[in-house]
Amino acid sequence: MKLDVPRFTERFGTISMHGVQRVYELDSGYKTGKSKSEAIRTIDNEVISEIEGKMAIVIPIKGERLKLLEGVLSGIPHDCLTIIVSNSPRQPIDRYKLEREAIEQFNRFAEKNSIIVHQRDPGVSEALREVGYADLLSNDGTVRNGKAEGMIIGMLLSKMSGKDYVGFIDADNYVPGAVNEYVKIFASGIAMSTTPYTMVRVSWIYKPKVSDNGVYFSKWGRVSEITNQYLNSVISYYTGFETEVMRTGNSGEHCLSMKLAESLTYSSGFSVEPYEIINLLEEFGGIIPTEHQDAMDKGIEVMQIETRNPHFHEEKGDAHVRQMFLEALGCIFHSKICHPELREKITSELQTRGLLDAEKEPPQLQRIRPFKDIDVALFSKILHEKSTSYLYCE
Ligand code: GDP
Ligand code: CO
């Protein structure tokens, strides 16, 4: 892959948050070596493949159409471990069973390593409880609903499988070629990074809208523009300089080094992606003392890389968009580092949009502690003994 080096970087404590980088060539050749220009980086296929071998790709899925899942599976490079964490309904039709059959069939031909598990499997909650990680559990003792919850189970499975990197790709993507590009972007970002604490976030070149008048190639999703605006405000309030650096606040497609992934605190549901940025600022921004001295010493890099493929996914309707809005802005609102003035702006933004009653605060979502100290060997043992949904294909 041939891409820009970052053109500008916001530094905040120990974090280097890079501006969006552009891709010039999706495939820059097998062994081309160094670019002549200092402004361009060429990441050889060999280097990309090596990183893919150390990477798990987690696909959170809840009731998506099987055809879409099958397409996504085919786009993931062979050397990555695919991990599907499903929260699909099991009644009246057992949609999880259909997903499991689809991946078994896919694997019979692809001969690839994959894992599938159901988020609400009592065996999963038992394993979590045994290792003292009840952060994902609801009052009834099973894992809560929510995308973040699925992602964290995926991260635990990645760590359990000895992977150094974990990437996320939504299951509702229409274009397998785009999925493939996301993983190449993850690997290229990792290859460019200079610290073991890295996050690579995908910025979509277009998010097309299909209407009677044809396809309109819009740049921004409905929620992402606002989320980015508020994330940038959080940064601006602290540096005293306005910034537009953050462009990927809601990006479901992103990748973390395991060292960074296991050190972060997460926020439930759909607030997980914007809260990753907030938590980075909370933990490593130099405002609040941190326990993660090694990360402070080595530094943290956040990269944002723009795709060449447009992002076509399932349109979920207004109720979903409202929930995303509330959860994304809610997690910014409740952060310790959110300036009181910004809190007022968030409240009035939500009220103007009819999402929040007067005198009320946005919802405070459950926080989920870092999983760094979890005994993954024990987690794995109990999961293998007790889970009824867990399947490892190879
Ligand atoms: P958007 O693309 O950000 O508007 O959100 P989506 O509704 O497409 O959700 C992103 C991905 O998360 C999709 O693959 C969903 O199927 C999946 N997802 C949503 N909720 C859950 C959940 O509770 N658990 C799991 N495991 N996946 C979920
Ligand atoms: Co989607």
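Residues numbered from 1 in each chain as written. Chains lettered and ligands numbered in written order. Predicted model: local features only at pLDDT ≥ 70, side-chain atom pairs only at ≥ 80, totals over all residues. Heavy atoms only, no water.

As recorded by an unreviewed UniProt entry, the chain carries the name Mannosyl-3-phosphoglycerate synthase and is attributed to uncultured crenarchaeote.

1. Let's talk about the site of ligand 1
Residues in close proximity to ligand 1 total 19 residues, the closest being Pro-60, Glu-64, Asp-172, Lys-316 and His-320. Within the side chain of Glu-64, a nitrogen or oxygen atom sits 2.6 Å from an oxygen atom of ligand 1. At 2.8 Å from an oxygen atom of ligand 1 is found a main-chain nitrogen or oxygen belonging to Gly-146. Burial of ligand 1 by the protein amounts to 92% of the accessible area it has alone, namely 580 Å². Under a 2 Å grid-point criterion requiring more than half of the atoms, the pocket assigned to ligand 1 is the largest pocket. Only strand E5 (55-61), helix H5 (147-160) and helix H11 (318-333) provide two or more residues apiece to the shell around ligand 1. Class assignment of the residues belonging to the shell around ligand 1 gives a composition of six nonpolar, seven polar and six charged. (Near = heavy atom within 4 Å. Polar contact = N/O pair within 3.5 Å; in protein donor to acceptor, adjacent residues only side chain to side chain. Areas by Shrake-Rupley, 256 points an atom, 1.4 Å probe, with all protein chains shown as cover. 1 Å grid on protein atoms, 1.4 Å probe; cavity = no way out; pocket = protein on both sides within 12 Å on 5 of 7 lines; lining within 4 Å. Sits in = over half its atoms within 2 Å of the grid points. Helix = DSSP H or I, 4+ residues; strand = E, 2+ residues; numbered from the N terminus. Nonpolar A, V, L, I, M, F, W, Y, C, P; charged D, E, K, R; others polar.)

2. A few points about the nonpolar core
Judged by nonpolar contacts, the single largest core of 75 residues is most densely connected at Tyr-133, Tyr-266, Leu-280 and Ile-332. In this view, Tyr-266 contacts Ile-152, Met-155, Leu-256, Ala-261, Val-272, Tyr-275, Glu-276, Gln-366, Arg-367, Ile-368 and Phe-371; residues no more than four positions away in its chain are not counted. If you look at the next biggest cluster of nonpolar residues, it comprises 39 residues, including Leu-3, Val-23, Cys-80 and Cys-255. (Core = buried A, V, L, I, M, F, W, Y, C linked by side-chain atoms within 4.5 Å. Buried < 20%, exposed > 50% of the residue type's maximum accessible area, 1.4 Å probe, protein only. Contact = heavy atoms within 4.5 Å.)

3. Side note on the coordination of the cobalt ion (ligand 2)
For the cobalt ion (ligand 2), every protein donor is listed as Asp-172 (OD) and His-313 (ND1), and the spread of their distances is 2.1 to 2.2 Å. Given four donor atoms and angles of 82 to 166° at the metal, the environment of the cobalt ion (ligand 2) is assigned as square planar. In this pair, Asp-172 sits in the loop between strand E8 (165-168) and helix H6 (176-192) while His-313 sits in the loop between strand E14 (300-306) and H11, placing the two residues 141 residues apart along the sequence. With relative accessibility at 4%, the residue Asp-172 sits in the buried group. Residue His-313 is classed as partly exposed on the basis of its relative accessible area of 21%. (Donors = N, O, S within 2.8 Å, 3.2 Å for Na, K, Ca; no water. Tetrahedral: all angles 85-135°; square planar, octahedral: opposite > 155°, others 65-115°.)

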